[in-house]
Amino acid sequence: MKRRSAFTLAELVVVMTAGSVLLTLAIGTVHRSLSIHRQGEQRDRDLATAARLSREFRRDLRQAAGAVLDAGKLTLSPVSGAREAPITYEVVEHRLVRRQRRGEGLERREVYEFDATAGITLASLPESGQIQLLITTQTPLKQHPSRLLLRVAATPGGGAVTP
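Rules used throughout
All residue numbers refer to positions counted from 1 along the written sequence of the respective chain. Per-residue local features of the predicted model are confined to residues with pLDDT of at least 70, and side-chain atom pairs are confined, for both listing and counting, to 80 or more; whole-chain, interface and lining totals are unaffected and use all residues. With hydrogens and water excluded, all non-hydrogen atoms of the structure serve as input to the side-chain values. A pair of strands is considered paired only if DSSP assigns at least 2 bridges between the two. To qualify as a helix, a DSSP run of H or I must reach at least 4 residues; to qualify as a strand, a run of E must reach at least 2; elements of each kind are numbered from the N terminus. What counts as an axis is a line fitted to C-alpha atoms, over the stretch in contact for a helix, and the angles between N-to-C directions run from 0 to 180 degrees. Residue contacts are defined here by distance: any two heavy atoms, one from each residue, within 4.5 Å place the two residues in contact.

### Digging into the sheet that holds strand β3 (residues 87-92)
1) Next: Taken in spatial order, the five strands of this open sheet run β1-β2-β3-β4-β5, and their pairing is antiparallel. Two strands in the sheet have a free side with no partner beyond their single neighbour: β1 (64-70) and β5 (106-113). For this sheet, the mean inter-axis angle between neighbouring strands, taken without regard to orientation, is 15 degrees.
2) Next: The pairing of β1 with strand β2 (residues 73-78) spans six bridges and is classified as antiparallel. The residue of β2 that forms the bridge with Gly 66 is Ser 77.
3) Next: Where helix α1 (residues 9-63) meets the sheet, its contacts fall on β1, β2, β3, β4 (95-102) and β5, and the angle it forms with β5 comes to roughly 135 degrees.

### Quick word on the sheet that holds strand β6 (residues 119-125)
1) Next: Read from one edge of the open sheet, three strands run β6-β7-β8, paired in antiparallel fashion. With one partner strand each, in any of the chains shown, β6 and β8 (146-154) form the two edges of the open sheet. Strand-to-strand twist in this sheet, taken as the mean axis angle between neighbours without regard to direction, amounts to 15 degrees.
2) Next: Contacting β6, β7 (130-138) and β8, α1 crosses the sheet at an angle of about 15 degrees to β8.

Here it is as structure tokens:
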């Protein structure tokens, strides 16, 4: 009788089991790395949005004659004699909406949108007369549940005080 060189059923089962374990581990690693990549992209978008918002917010406060903060809505009044209309900043969930009327019925509206875990706060600092914009984001880390993304404090009609 001639001897055949082939794999036994037991050898094939062992190899298939080892291969499926390795494939399962690889899929978990790929999934986790894609999740980390998405979080990094969202962080980059949030930082870019925060930089744009910081520039606009500082400029608006420097050019404003006064500011009224009421229930999460900031209204900046223009310098007297200016043709500009009042500018409003309003917190809506994880967005900050900037509105400015231009002419009859025209409105310039900008939406600064952050991650759904972001917290946006507009506050008045009475001791210095400044308006503060504070944006924090939640992290998945238990040791550091929230992280400061942006803090801008400025005096209406004056220069920005904090970076």
